[in-house]
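Secondary and tertiary structure notes
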Amino acid sequence: MQAKDEEEYVEITVENTHSDAVRDEYLVADDQVIQNNSEKAYDHAATRTHRNMPGGSDLLPKGLEFVRMNRFDGGGWAQIESRFDELADRFGILSKSHFGQCIGMRESEEFANQLFDALARPRGITSASLLKDELLEFWEQITNESFDVRLETFFDMVDKDGDGRITEEEVKEIIFLSASANKLAVIKECAEEHASLIMEELDTENLGYIELYQLEELLLLQSSAQSNYLETDAESRVFSQLLSQKLKPTIEYNPIKRYYKWLTYFIEDNWKRIWVIGIWLAICVCLFTWKFIHYKDRAVFKVTGYCVATAKGAAETLKFNMALILLPVCRNTSTWLRSNTKLGVLVPYDDNINFHKVIAAGIAIGVGVHAGAHLTCDFRRLINATDEEYEPMEPFFGQEQPKNYWWFMKGIEGWTGIVMVVLMAIAFTLAQRSLRRNMLNLPKFLERLIGFNAFWYSHHLFVIVYVLFVIHGYYLYLSKKWYKKTIIVPIFFYTCERLLRLFRSEYQRVEILKVALYPGNVLALQMSRPHGFKYCSGQYIYLNCSAISPFEWHPFSITSTSGDDYLSVHIRILGDWTMDLKSVFSEVWQPPSIYQNGLLVFDIEQVNDKTKIPRLLVDGPYGAPAQEYKQYDVILLIGLGIGATPMISILKAVLNDVQQYKEIEDRMIKSRVKSNKSKHNAMKKAYFYWVTREPGSFQWFMDLMNEVAEKDNFGVIELHNYCTSVYEEGDARSAWITMLQSLYYAKHRVDIVSRTRVKTHFAKPNWYRVFEHLARKHINKRIGVFYCGSPVIKKELKRLSQDFSRKLTTKFDFHNENY
C-alpha cells in the first residue's frame, strides 16, 4: 500500500513539474511549492533545531491533546486515511478547507486551519493542500505522546512568524480563536483584557513577548494544581483499585444462578412497584372471575354462552379501572399523603404517571374484550336465537327480538359505547410521547393536530367520556337496579379534587414583583407569596396565564425556599405556551426595559397602568421526588440545563440551615457557652452538579452560587459547574481557556466562564468518578441521588446507583424528577 502511494506521489510531482496542471487548478502551487513538498522539506523538518526546554515535560504525557483517539471509533491512521480518500480530489490532494474534517475537527474549522499552518510552517509547506504522505506526517506529530512535541506544536500555532517569541497581539488572536472553538462569547468580548493578564503573568520582565519555557512552566504549575485536586495520594489509588475490582462485572455461566441473581436485583429495585401492580392485577382478576361466574348462572347464558360472561367480566374491570385511573392524578391527595404520612416507604409516589398509564392500558384491554365479545359473539347469537331461546330475554330486550346490529347501535347503550371508544382512542393516541412532544416529522397541516396542546385538550374529552360512561352503565341491558350500574362516587371524589384546585387558584392570587430574561432564553418570575401558602423545597406549582389561555396549566419547579417571602420560578422558553408568556410580558414594558449586568430586567415601576401586567394564577404546591431530600444526610443533586431548578430550592434550604447554625454558634460564643464544633456534622452534606451547554446559563443562579461560596463556612455544600460546550481539560482547543481561567480566578476569585465564585469544569462529568468519590468519602452512608433533566443520562446515573449500592456499603437511592 505504501509503495503504491509513493508511485502516485512521484507521478503527481512529475505532472506538476511539466505543466503545473494539478495545483494551478486550485491556485495553490508553482515549481517552488512542488520543491517545498519534496523530500527536502521533510529533511528540513527532521533536522529542525529543537528548542531548549527545562526538565519536567514528562510530567504531562497526556496534556495538550489535539485529537482523541476514541473519537474515531477505535481507529487511528486507518480511519484518517479512509477520510482522506473520501475528501481528496481525483489527483490525491486534500484541500486545507477539508483538513479539519479529515482529522476529526469538523466543529473547530478555524482552529484546524491554525493547526494546519503550525504544522506546515516548519516544513516549508506554503500551499493550501496536502498529499497523503504529508498528512501522515502531520498526523504522527499531533498524535505524538511526547508532551515536548505537543507543546512545540501548541507554541507554533501562536508563533506565526516562527521567531520563537509570542507577542501580546498573538496571544489575543489565539484566545479569540480558542473562545470561538469553545463557543465562549463572553471571553471573545474581553480577549484583549485576557491577553494582557497572560502577558502580565508570564512576561515579568516586560520584554513584550514570552518564550516557550515560560508557557511550559505555567502548564506544569496548572497540572500540579489539578493533580492535587484529583486526590492522587496512595490511599486513594488503593481504594480506587479495590473499588474497580468490586465493580468489575463477573460472568456467571450457570443459567440458574444468573437468572436468580437477576431476579434478586429486579425485586430489590422494584419491590414497591411489584406489590402495587400485583394487587391491582389480583383485583382485576377477581372482579372478572366474580362477574363471569355470576352470569354463568343466568338465563342469558343459555343463549349467548361464554360470550356475555366474558363481556360482563371485562365490564366489571372497566368500572374499577375507570374509577382507579383518577387516583394517580389526584395531585392534592398524593401530595398530602406524601408530606403527612409514612406511606412513602411502601407506595411509589414518583410512579404515579406510570401507574396512570398502566391503568390506561388495562382500560384499553377491557374495552377491547368487552366490545369484541358483544359485537362478534353475543349480539350475533341474540339475533339468530329461536323464539323459544329468546323468550327469557324479553324483560331485558323487549318482546320484539333484535333483527340486526343496527338495533343495538341505535339504542342508548350502543351509541354511548361507540362515542366513548372513539373519544378514548383520540385521547390515548395524542397522549403518546412522540405525538405529545411533537417528535415526528409530519406535514405542517398535521403538526397543528399534535403537540402538548392537542394532548391537553384531548385529555379533557374524558369529561364527556365519564358522563357517557354513567349513562351507558345506567341503561345496561341485563341489569335494572341503578346502584349496580354507576361509579358516581369516584367521579364525585375527583370532581371535588378539581373544584378544590379551581377555588384555591382563585384564592391564591399573586402579584408580579420582578421579571428577568436571562441568557439561554430563560424567563425568571418573582411573585408575591399568597397568604398561608406553605411548601417544601423540591416541590412544584402549576401556573396559568389567562392572557394566553384560561384553561392551560403548566408545571414549574419552585426555586425559592419556604423561608423566602416571595415565590419564584425559572421558565425555559421552549414550547408555544412559554413563547406566548414571554411575548405577553414583553408587550407590557414600554419603553424598552433596562439591562443589569447583561440581563434584560423588566422593572415593575416602569408600568404606569398596573392592570396591564399579565395576571397569573398559582395552583399547588405539589409533591415531587426532590422533596424527599430530607430523608438523607448526604445528597447528590444533579441538574441538566433547566433541570437545575428543583435543586436550587434545596440548596437554598441547606444554606439556610448552615446560616442558622452559624447564628447559634455566634450566640454561644458571645454568651461564653462552649461550642460543639462537631454539631455541624449532623447537617446535610450536599453535592450539586450542574451540567449545561450554554455558558450564559450560569447567570440564572449567579447570586446563589456566590452566596454559597461566601456563607458556607463549614463546607457543607459543594458546587460543581460543567460547561459542555468547552472541550475537556487537556484538549489543545481549551488549553488557553484553562490557563486563562486559572490566572483570572487566582487574581479576581471569579470564574471567567460562569462569572461567579465557583470555578467551571469543562466537558461532561465522569459520573463513575463522582460516585467513586462519594463512596470513598461517605462509607456506610445512604446517599440520596436526585436528578432532573433530559433522559440522556438518566439510565447511566440509575445504573451507577444500583451498581455501587449492590457491591459497596455506601448505598445510593436514585430519584428522577418527572412531570
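Residues numbered from 1 in each chain as written. Predicted model: local features only at pLDDT ≥ 70, side-chain atom pairs only at ≥ 80, totals over all residues. Heavy atoms only, no water.

**Here's the deal with the overall build of the protein**
When helices and strands are tallied, the protein shows 34 helices and 18 strands. Burial statistics for the protein: of 819 residues in total, 49% are counted as buried. Considering only residue pairs separated by 6 or more positions, the protein has 73% of its internal contacts joining residues 24 or more positions apart. Carbon and sulfur atoms make up 56% of the accessible area of the protein, which amounts to about 42,300 Å² in all. (Helix = DSSP H or I, 4+ residues; strand = E, 2+ residues; numbered from the N terminus. Buried < 20%, exposed > 50% of the residue type's maximum accessible area, 1.4 Å probe, protein only. Contact = heavy atoms within 4.5 Å. Areas by Shrake-Rupley, 256 points an atom, 1.4 Å probe, with all protein chains shown as cover.)

**Overview of the UniProt feature "transmembrane region" (unreviewed entry) in the protein**
The UniProt feature table records "transmembrane region" (unreviewed entry) at residues 274–293, 415–435, 455–477 and 634–655. Overall, residues 415–435 shows 90% helix and 0% strand. The separation of its end C-alpha atoms is 28 Å. The distance separating the terminal C-alpha atoms of residues 634–655 is 14 Å; by composition the span is 50% helix and 32% strand. (UniProt positions renumbered as here; feature names shortened; annotations may be inferred.)

**Considering helix 5 (residues 77–87)**
Where helix 5 is concerned, the buried positions are I80, E81, F84 and L87. Within helix 5, the buried residues cover an arc of 130 degrees as seen down the axis, which keeps them to one side. Projecting away from the buried face of helix 5 at angles above 90 degrees are the exposed residues A78 and E86. (Arc of directions from axis to C-beta.)

**Section: the packing of helix 7 (residues 109–120) against helix 9 (residues 147–158)**
Angle between the axes and distance between the axes: these two values describe a pair of packed helices. It is at 8 Å that the axes of helix 7 and helix 9 come closest, and there the two elements cross at 105 degrees. The angle between helix 7 and helix 9 places the two elements in the roughly perpendicular class. Along its contact with helix 7, which presents F111, Q114, L115, A118 and L119, the element helix 9 presents T153, D156 and M157. Residue composition of the contact of helix 7 with helix 9, grouped by class: 5 nonpolar, 2 polar and 1 charged. (Axes fitted to C-alpha atoms, helices over the stretch in contact; angles between N-to-C directions. Parallel < 35°, antiparallel > 145°, perpendicular 65-115°, else oblique. Nonpolar A, V, L, I, M, F, W, Y, C, P; charged D, E, K, R; others polar.)

**A few points about the UniProt feature "domain: EF-hand" (unreviewed entry) in the protein**
Following the UniProt record, the feature "domain: EF-hand" (unreviewed entry) maps to residues 146–181 here. The distance separating the terminal C-alpha atoms of residues 146–181 is 24 Å; by composition the span is 72% helix and 6% strand.

**Focus on the pattern of salt bridges**
For the structure shown, the criterion picks out 20 salt bridges. Put simply, E137 and R123 hold a salt bridge, and the shortest N to O gap is 2.9 Å. Of this pair, E137 sits in helix 8 (residues 132–142) while R123 sits in the loop between helix 7 and strand 2 (129–130); the two residues are 14 residues apart in sequence, bridging distant segments of the chain. The same class applies to E137 and to R123, which are both buried. K747 serves as the salt-bridge partner of E200, at 3.4 Å between the closest nitrogen and oxygen. With E200 in helix 12 (residues 191–202) and K747 in helix 32 (residues 732–748), this pair connects stretches of sequence that are 547 residues apart. In this structure K747 comes out as partly exposed when scored by relative accessible area, which is 46%. When salt bridges that share partners are traced, they join E81, D85 and K132 into one network. (Salt bridge = Lys/Arg side-chain N within 4 Å of Asp/Glu carboxyl O.)

**So, the sheet that holds strand 12 (residues 616–622)**
Sheet architecture is open: 3 strands sit in the order 8-7-12, paired in antiparallel fashion. The strands lining the two open edges of the sheet, one partner per strand, are strand 8 (554–557) and strand 12. The sheet shows a mean angle of 30 degrees between the axes of neighbouring strands, taken without regard to direction. The pairing of strand 7 (residues 540–545) with strand 8 spans 4 bridges and is antiparallel. Residue pairing for strand 8: I541 is matched across the bridge by F556. (Pairing = 2+ DSSP bridges.)

**Overview of the nonpolar core**
Formed by 96 residues in total, the largest nonpolar core has its most connected members in F99 and F154. Discounting chain neighbours no more than four positions away, the residues touching F99 are L94, A112, L115, F116, L119, L130, L135 and F138. Within the second largest apolar cluster, 25 residues are counted, among which are M527, C545, I558 and L616. (Core = buried A, V, L, I, M, F, W, Y, C linked by side-chain atoms within 4.5 Å.)

**Comments concerning the pairing of strand 5 (residues 512–518)**
Here strand 5 lies mainly inside the structure; 5 of its 7 residues are buried. With 6 bridges joining them, strand 5 and strand 6 (residues 522–528) adopt antiparallel strand pairing. Looking at strand 6, one finds that A516 is bridged to A524. Remark: 3 residues form the turn of the hairpin made by strand 5 and strand 6, two consecutive strands paired antiparallel; G520 in that turn has positive phi of roughly 85 degrees.

**Let's talk about the sheet that holds strand 13 (residues 634–640)**
Reading across the sheet, the 6 strands line up as 16-15-14-13-17-18 and stay open at both edges, with parallel pairing between neighbours. Two strands in the sheet have a free side with no partner beyond their single neighbour: strand 16 (760–762) and strand 18 (811–816). The average undirected angle you get between the axes of adjacent strands in this sheet is 20 degrees. Sheet analysis places strand 13 next to strand 17 (residues 782–788), joined by 6 bridges and oriented parallel. Its bridge partner being in strand 17, L637 is matched across the sheet by F786. The sheet contacts of helix 33 (residues 767–777) involve strand 13, strand 14 (685–692), strand 15 (717–723), strand 17 and strand 18, and relative to strand 14 the element is tilted by about 175 degrees.

**A word on unusual backbone geometry**
With an omega of 5 degrees, the peptide bond between G620 and P621 qualifies as cis. Although it is not a glycine, N521 sits at a positive phi angle of roughly 60 degrees. Relative to the assigned elements, N521 resides in the loop between strand 5 and strand 6.

**Some words on the confidence of the model for the protein**
For any part of a model where pLDDT is low, the fine detail of the predicted coordinates should not be relied upon. Of all residues in the protein, 79% have pLDDT values of 70 or greater, and the mean over the chain is 77. Low confidence marks residues 227–234, where pLDDT is under 50. Its contacts with residues over four positions away, or in another chain, come to 7 contacts. Under a pLDDT of 50 for its full length, residues 677–682 has, in the predicted model, 6 contacts with residues more than four places off or in other chains. (pLDDT = per-residue confidence, 0-100.)

**A closer look at helix 18 (residues 331–340)**
For helix 18, the set of buried residues is R331, N332, T335 and R338. Taken around the axis of helix 18, the buried residues stretch over an arc of 130 degrees, which confines them to a single face. Residues of helix 18 that are exposed and point more than 90 degrees away from the buried face comprise W336 and N340.

**Quick word on the packing of aromatic side chains**
This model, assessed by the stated rule, comprises 25 aromatic pairs. With a centroid separation of 5.9 Å and an interplanar angle of 75 degrees, the aromatic rings of F804 and F812 are classed as edge-to-face. Overall, the relative accessible area of 0% leaves F804 in the buried class. Grouped by ring-pair contacts, the aromatic residues F688, W690, F698, W700 and F701 constitute a single cluster. The lysine or arginine in question, R165, covers the ring of Y209, its NZ or CZ lying 4.3 Å from the ring centre. Against the face of F455 rests R436, its NZ or CZ located 5.7 Å from the ring centre. (Phe/Tyr/Trp six-rings, centres within 6.5 Å; stacked < 30°, edge-to-face > 60°. Lys NZ or Arg CZ within 6 Å of the ring centre and 35° of its normal.)

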